[in-house]
Amino acid sequence: MLGALAATGLLVSRTVAQRPAQIPWPQSVLPGEWPMTGRDYGLTRYSPLDQITTGNAAQLRLVWSFSTGTTRAHEGNPLVVGSMMYVHTPYPNVVYALDLSQPGTKVQWKYSAPLTDRPSTRGTAGAVPPSLPTGCCDVGSRGLAYHPSGILFAPLLNGDLAALDARTGREIWRVRNTDSRIGGTVSSAPLVVRDLVLVGESGAEYGVRGHLTAYEAKTGRLVWRGWSTGPDSDVLIVGPANTNYGSHQGRDLGVSTWPTGGWRTGGGTASGWISYDPSLDLVYYGTDQAAPGYAAQRLGDNKWASSIFARDVSTGQVRWAFQMTPHDAWGYGGANENLLVDLPGRGAPLKALVHFDRNGFAYTIDRATGKVVVAEKYGPANWARVVDLTSGLPTVQPPSAGRSGICPAGIGAKYLQPAAFSPLTNLFYVPLNNLCMELKSTPVAYVPGQPYLGTTVTVLPGPGGNRGRFIAWNASTATIAWEVREPMTVAGGALTTAGGLVFYGTLEGWIKALDQRTGRELWRFQTPAGIVGNPMTFSGPDGKQYLAVFSGVGGWWALSGNGTLTDLESMPAKEGVLLVFGL
């Protein structure tokens, strides 16, 4: 791995800082604010706050909490702008504005989303109306977005995107972004860039055709929509999708790499995170797996599922695309976050995009050109031997005799729980799964609103028997600096701070603080339920630094039948809570 990096001219000294992409918007953001889901456009999840340090983290204590009134998957994290904190919940998608300057953290307003106005096409279990799909992964919401004019954007499970007055909670506009009648939902966090709000959708497992859409922030007018599959005119591709690789060149690959008409129900939704580079004016995001799960029904590369797109933010036109897993027969998808970090090398710094794919490979990509610089395994991945940097293609390995399972499992070596980066150590901190699988497939017919899978997955613990890992990854050497093994998958995100700390939560309900440099645990706290959300930090009106995290298990991890979380499946559902800690 070291030799491969040295050959590219990107071998980086451990003493040279890797710099997060500098984010100028909005100019009024203070160090103690958290105005967007990853805190900055590069999705680094790094905070410059340093009151809580490696020396005093053990003194952290719970200072207040807020019950959300709902159960299920409490994903994402609150936003903090000025003295206001904005909190979101899983379905039925309630948004709260909490005034941090008032005693007892006063609820300034509450927005309750409309449940649904659509006819039922299928039934779902639990408290979700039969007109709404739960998909593979419960009814969670990954977060809100904020526009500096005072507009808050809330993704709604029924397929809508709502714009709210951040001062009053009044609904300004609401648009239908996807159709729940065919399995579409909106669970991903939107992103605001200038006067646009960008949002994707979920539902690849129902055969929902994926897209990323840009709306005018103040009016909700549709500005552009870039589809994941179909003709170039729909995908918004002009010319070659990626000049670096022959398999990515040709007209209408979003049609020709599918069986006849298969692209229309081919998945590739945009359920993950969106990042943005102001200097290149490009937005980046990944697409989910292809549908159906039974890959023999969709011979071909199935572009552009399981891919990364770089689009011009004003027009949606594709600057480049790269498919990590052509003909994804394992259900990996490519919707994990893309962290934007400038890596110094031999010459001008590389504008890098670092992506920990579900397929088990960590990619370092030139985010200006779409050329893969490094692709190395960061965990057990026996479905492929290597990624050929010349062709960009993985060398797929057929199952070998006596091998116990395909690694990683379909949920991936890493799912949508976001990683973090720290310029203090030049390391990426990555919450991981350690899962393999047995996979069986059978033909399946497409029925709108019904799961379009044709696969049966039996999930197994990975090598060593533990189901989770938390690693510090050195992108300059493509090596693991340190690792913590967890008994269960690490389903929540990571947070790094200038105090030298990295925080993450566990499915057993522990929120932990570790030393960024060594991985040594410095503090832990037992929360009421499992953590699938992302810790964040902010400064209160009193000038003190606080740590916040959602506690409320759900998502794919707590759905019965997936075979990985039998310890959690028997636990009664607990009402979610936001926990805030301070010194």
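Model, not experiment: these values are computed from the prediction.

Q: Please set out the overall build of the protein residue by residue, giving values where relevant.
A: Helix and strand counts for the protein stand at 4 helices and 38 strands. Relative to its 583 residues, the protein shows a buried fraction of 63%. Once local pairs closer than 6 in sequence are excluded, the contacts in the protein between residues at least 24 apart make up 61%.

Q: How would you sum up the packing of aromatic side chains? Please name residues and give values.
A: For the structure on display, the rule yields 26 aromatic pairs. Aromatic side chains Y284 and W320 sit 6.1 Å apart centroid to centroid with 45° between the ring planes, which places their arrangement in the tilted category. Of the two residues, Y284 is situated in strand 17 (residues 282-286) and W320 in strand 19 (residues 318-323); the sequence distance between them amounts to 36 residues. Per residue, the accessibility class of Y284 equals that of W320, and both read buried. Among the aromatic residues, ring-to-ring pairing joins F356, Y378, F421, F428 and W473 into one connected group. For K303, the ring lying beneath its charged end belongs to W304, and the centroid distance is 5.5 Å. The ring of F309 is capped by R311, whose NZ or CZ atom sits 4.5 Å from the centre of that ring.

Q: Any details on the side chain of S307? Residues and values, ideally.
A: Tracing the sequence through the fold places S307 in strand 18 (residues 307-312). Beyond its immediate sequence surroundings of up to four residues, S307 is in contact with Y285, G286, T287, F322, Q323, M324 and G334.

Q: Describe in detail the sheet that holds strand 34 (residues 510-515), supporting the description with residues and values.
A: Taken together, 5 strands build an open sheet; the order of strands is 2-32-33-34-35 and the sheet is mixed. At either end of the open sheet lies a strand with only one pairing partner, and these are strand 2 (46-47) and strand 35 (521-526). In the sheet, strand 2 pairs with strand 32 (residues 494-497) via 2 bridges, with the strands oriented parallel. When the bridges of strand 32 are listed, Y46 appears paired with T496.

Q: A description of the sheet that holds strand 18 should follow, citing residues and the corresponding values.
A: To summarise the sheet geometry, strands pair through backbone hydrogen bonds and adopt either a parallel or an antiparallel arrangement. Read from one edge to the other, the open sheet built from 4 strands follows the order 16-17-18-19, with strand pairing classed as antiparallel. Either end of the sheet is taken by a strand with one partner, and the two such strands are strand 16 (275-277) and strand 19. Strand-to-strand twist of the sheet, defined as the mean angle between neighbouring strand axes without regard to direction, takes the value 15°.

Q: Mind laying out the nonpolar core, listing which residues take part and the relevant values?
A: Grouped together as the largest cluster of nonpolar side chains are 50 residues, with contacts concentrated most on M85, Y86, L152, F503, F538 and L578. Once residues within four sequence positions are removed from consideration, F538 is found in contact with G32, L49, V80, M85, L100, K544, Q545, Y546, A548 and V580. Counting 33 residues, the second largest nonpolar core, distinct from the first, contains W330, A375, A381 and L435.

Q: Describe in detail the pairing of strand 10 (residues 160-165), supporting the description with residues and values.
A: For strand 10, the buried fraction is high: 6 of the 6 residues fall into the buried class. Burial along strand 10 is two-sided: the face carrying D160, A162 and L164 and the face carrying L161, A163 and D165 are both buried. Pairing between strand 9 (residues 151-155) and strand 10: 5 bridges, direction antiparallel. Within the sheet, the bridge partner assigned to I151 lies in strand 10 and is D165. Counted along the chain from strand 9 to the antiparallel partner strand 10, the turn is 4 residues long, and its residue G159 has a positive phi close to 100°. Note: strand 10 against strand 11 (residues 171-176), 5 bridges, orientation antiparallel.

Q: How would you explain the confidence of the model for the protein if you had to name every residue and give the values?
A: The pLDDT averaged across the protein works out to 88; a share of 87% of its residues lies at or above 70. Counting interchain partners and residues more than four positions distant, the pLDDT-below-50 stretch residues 1-27 has 74 contacts. This stretch, residues 117-127, has a pLDDT under 50; its non-local contacts, to residues over four places away or in other chains, come to 37 contacts.

Q: If you had to explain the pairing of strand 13 (residues 196-199) to someone new, which residues and values would you point to?
A: By the alternation rule, side chains of strand 13 split into L196 and L198 and V197 and V199, which are all buried. For strand 12 (residues 191-193) and strand 13, the ladder comprises 3 bridges, and the chain directions are antiparallel. Across the sheet, the residue bridging to L191 is L198, located in strand 13. From the end of strand 12 to the start of strand 13, which pair antiparallel, there are 2 residues, and R194 there has a positive phi angle of about 50°. Across 4 bridges, strand 13 lies against strand 14 (residues 211-216) in antiparallel orientation. For V199, the partnering residue across the bridge sits in strand 14 and is T213.

Q: Please provide a residue-by-residue account of the pattern of salt bridges, values included.
A: Summed over the entire model, instances satisfying the criterion amount to 17 salt bridges. In this structure, R209 and D234 form a salt bridge, with 2.9 Å as the shortest nitrogen-oxygen distance. Within this pair, whereas R209 is found in the loop between strand 13 and strand 14, its partner D234 is found in helix 2 (residues 232-235), the two being separated by 25 residues in sequence. You can call D234 partly exposed: its relative accessible area is 23%. The shortest N-O distance in the salt bridge between D342 and R367 comes to 2.8 Å.

Q: Requested: an account of the environment of S83, with residues and values cited.
A: Mapped onto the elements, S83 comes out in the loop between strand 4 (79-81) and strand 5 (84-88). The sequence separation of S83 and P541 amounts to 458 residues, and the corresponding C-alpha distance is 6.2 Å. If we skip the residues at most four places from it in the chain, S83 touches L98, D99, L100, S101 and P541.

Q: Tell me about the environment of L579, residues and numbers included.
A: Looking at where L579 falls in the secondary structure, it is placed in strand 38 (residues 577-582). In this structure the C-alpha to C-alpha distance between L579 and W64, which are 515 residues apart in sequence, comes to 6.4 Å. Once residues lying within four places of it in the same chain are set aside, the contact partners of L579 are L62, W64, S65, T527, P528, L547, A548, V549 and S551.

Here is what the cut-offs are and how they apply
Residues numbered from 1 in each chain as written. Predicted model: local features only at pLDDT ≥ 70, side-chain atom pairs only at ≥ 80, totals over all residues. Heavy atoms only, no water. Helix = DSSP H or I, 4+ residues; strand = E, 2+ residues; numbered from the N terminus. Buried < 20%, exposed > 50% of the residue type's maximum accessible area, 1.4 Å probe, protein only. Contact = heavy atoms within 4.5 Å. Phe/Tyr/Trp six-rings, centres within 6.5 Å; stacked < 30°, edge-to-face > 60°. Lys NZ or Arg CZ within 6 Å of the ring centre and 35° of its normal. Pairing = 2+ DSSP bridges. Axes fitted to C-alpha atoms, helices over the stretch in contact; angles between N-to-C directions. Core = buried A, V, L, I, M, F, W, Y, C linked by side-chain atoms within 4.5 Å. pLDDT = per-residue confidence, 0-100. Salt bridge = Lys/Arg side-chain N within 4 Å of Asp/Glu carboxyl O.

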